[in-house]
Amino acid sequence: MKIKAIYILSILLTVALSSCEDIVQLESPKSNNFLVVEATLTNLPGPQKIMLTKSQAYFDNSAVPKISGAEVKVRDNMGQEYVFLEQKDQAGTYVWQPKTSTEVLGKMGMTYQLSINWSNEQFTASATMRRVPTIDSLLYQFDEASGRQRGDDKPKEGYDAQFFAKDFLGLGDCYRVKTYKNGKLFNDPSSISVIYDGAFQQGAASDGLTFNLPIRRSISPELYLENDLIKVELYSISQDQFNFYSQARLELNNAGLFSRPAANIPTNIQNLNMNSAIQGAGWFGVSAVSIFETKVDPKLARKGLK
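Residues numbered from 1 in each chain as written. Predicted model: local features only at pLDDT ≥ 70, side-chain atom pairs only at ≥ 80, totals over all residues. Heavy atoms only, no water.

- Under the annotation held in an unreviewed UniProt entry, the chain carries the name DUF4249 domain-containing protein and is attributed to Aquirufa aurantiipilula.

### Considerations on the pattern of salt bridges
Next up, step 1: Evaluation of the coordinates by the stated rule reveals six salt bridges.
Next up, step 2: In this structure, D173 and R131 form a salt bridge, with 2.9 Å as the shortest nitrogen-oxygen distance. Highlighted residues: D173 in the loop between β9 (157-165) and β10 (174-181) and R131 in the loop between β7 (121-128) and β8 (135-144), separated in sequence by 42 residues.
Next up, step 3: Looking at D173, the relative accessible area reads 10%, which means it is buried.
Next up, step 4: Here K181 makes a salt bridge to D228, at a shortest N to O gap of 3.9 Å. Of the two residues, K181 is situated in strand β10 and D228 in the loop between α2 (213-216) and β13 (229-237); the sequence distance between them amounts to 47 residues. (Salt bridge = Lys/Arg side-chain N within 4 Å of Asp/Glu carboxyl O. Helix = DSSP H or I, 4+ residues; strand = E, 2+ residues; numbered from the N terminus. Buried < 20%, exposed > 50% of the residue type's maximum accessible area, 1.4 Å probe, protein only.)

### Focus: helix α3 (residues 239-252)
Side chains three or four residues apart in an α-helix point the same way, a direct result of the helix having 3.6 residues per turn.
Next up, step 1: In this model, α3 (14 residues) spans 20 Å end to end at C-alpha, consistent with the 20 Å of a helix rising 1.5 Å per residue.
Next up, step 2: On its buried side, α3 packs onto β1 (35-42), β10, β12 (193-196), β13 and β15 (280-287). (Expected span 1.5 Å × (residues − 1). Contact = heavy atoms within 4.5 Å.)

### A closer look at the nonpolar core
Next up, step 1: If you look at the biggest cluster of nonpolar residues, it comprises 48 residues, and the most contacted ones within it are I50, L52, F84, L114, I116, F163 and F284.
Next up, step 2: Excluding residues within four positions of it along the chain, F284 makes contact with A39, L41, V74, Y112, L114, A125, S126, A127, N268 and I269.
Next up, step 3: In this structure, C174, F242, F244 and Y245 belong to the second largest nonpolar core, which totals nine residues. (Core = buried A, V, L, I, M, F, W, Y, C linked by side-chain atoms within 4.5 Å.)

### Considering the side chain of T179
Next up, step 1: Inspection of the secondary structure puts T179 in strand β10.
Next up, step 2: Setting aside residues no more than four positions away along its own chain, T179 makes contact with K184, L185, F186, I219, Y224, K231 and V232.

### Details of the pairing of strand β5 (residues 90-96)
Next up, step 1: Of all seven residues making up β5, five are buried, and the element is well covered by its neighbours.
Next up, step 2: As judged from the four bridges shared by strand β2 (residues 48-54) and β5, these two strands associate in the antiparallel manner. Residue pairing in the sheet places Q48 in a bridge with W96 of β5.
Next up, step 3: Note that strand β4 (residues 81-87) and β5 share three bridges and pair antiparallel. Within β5, the position partnered with E86 by the bridge is Y94. (Pairing = 2+ DSSP bridges.)

### Brief notes about the packing of aromatic side chains
Next up, step 1: Summed over all chains, the structure comprises eight aromatic pairs.
Next up, step 2: Each ring, one from Y82 and one from W96, has its centre 5.5 Å from the other, and the planes form 90 degrees; the classification is edge-to-face. With Y82 in strand β4 and W96 in strand β5, the pair connects residues that are 14 residues apart, well separated along the chain. For the pair Y82 and W96, a shared accessibility class is recorded, and that class is buried.
Next up, step 3: Centre to centre, the rings of F244 and Y245 are 5.4 Å apart; their planes meet at 65 degrees, and the pair counts as edge-to-face.
Next up, step 4: Residue classification places Y245 among the buried residues on the basis of a relative accessible area of 11%.
Next up, step 5: Through pairs of rings, three or more aromatic residues link up here, namely Y140, F142 and Y159. (Phe/Tyr/Trp six-rings, centres within 6.5 Å; stacked < 30°, edge-to-face > 60°.)

### Observations regarding unusual backbone geometry
Next up, step 1: Despite not being glycine, N120 has its phi angle at roughly 60 degrees, a positive value.
Next up, step 2: For N120, the location among the structural elements is in the loop between β6 (111-118) and β7.
Next up, step 3: At N182, a position not held by glycine, the phi torsion is positive, near 55 degrees.
Next up, step 4: Tracing the backbone shows N182 in the loop between β10 and β11 (184-185).
Next up, step 5: Owing to a relative accessible area of 45%, N182 belongs among the partly exposed residues under this scheme.

### A short note on the sheet that holds strand β3 (residues 71-76)
Next up, step 1: If you walk across this open sheet you meet the nine strands as β14-β7-β6-β3-β4-β5-β2-β1-β15, and the pairing is mixed. Of all strands in the sheet, those with a lone pairing partner are β14 (270-271) and β15, marking the two edges.
Next up, step 2: By the bridge criterion, five bridges tie β1 to β2 in an arrangement that is antiparallel. Within β2, the residue paired with E38 across the bridge is M51.

### Considerations on the pairing of β12
Looking along a regular strand, one sees the side chains alternate between the two faces of the sheet.
Next up, step 1: What you see with β12 is no split at all: S193 and I195 on one side and V194 and Y196 on the other are buried throughout.
Next up, step 2: Relative to β12, β10 runs antiparallel, the two sharing four bridges. In the strand pairing of β12, R176 is matched with V194.

The following block contains the structure:
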């Protein structure tokens, strides 16, 4: 009887496991195409860019529709207006061009109001440029790739880098880190690195401290080789933008057997007509930026970095 019971159990397990392979096509409800804004204006010299697209259905894998023919302006709290013109060869991309090589749009402490007129709809958003600490240094040591740094076409041995910066004293400073290897941005969902004070999350008692080790090492999703150029950009962001990136990262990495139900990502883009079927999505932000870059030189590698 015991053998028979085990045999029956094995059949049931086989059926259960095989049933996990069945593909079920679900009809997702149709949704309105929202206007999606991608914009992070900075205090760096040079052109500033705003991208406008339409949202898509959940299972739509076609190219993202671009929004053309919009009127896009930004006005600061001193009354200065910046006009963003659509690029002839890049539909949906709107650019402000400085009049001189030294002219900048973003200034610390200023508030900026975005205005978009498109298809008889008017969208708006506002953001304030906050402070950003200086990146003090960028160091590296020779090491073997860790589990998170391994993968196809990634170095098995090389230089593990980390950057050093100190959070300002005062609760609620938020930042985003962008890292480039030989001019190419690490841009996969797992590379979205946002900081609250000196840690990855609120409530970590890290106010006014040097960024903690996981943040410092986040610039090394893979190892670097000799003569690789490492560039780190540190952006100031608001607490609301910190929440936007945090939620976006959760949704972009939300996959697998134990994935959560999809959730809406917050936005600061508002249609002045709240009853319109076309609402806003995405984020309009303004950031002060601190930059540090270096080329990997084995002679300058450290030992025992922590």
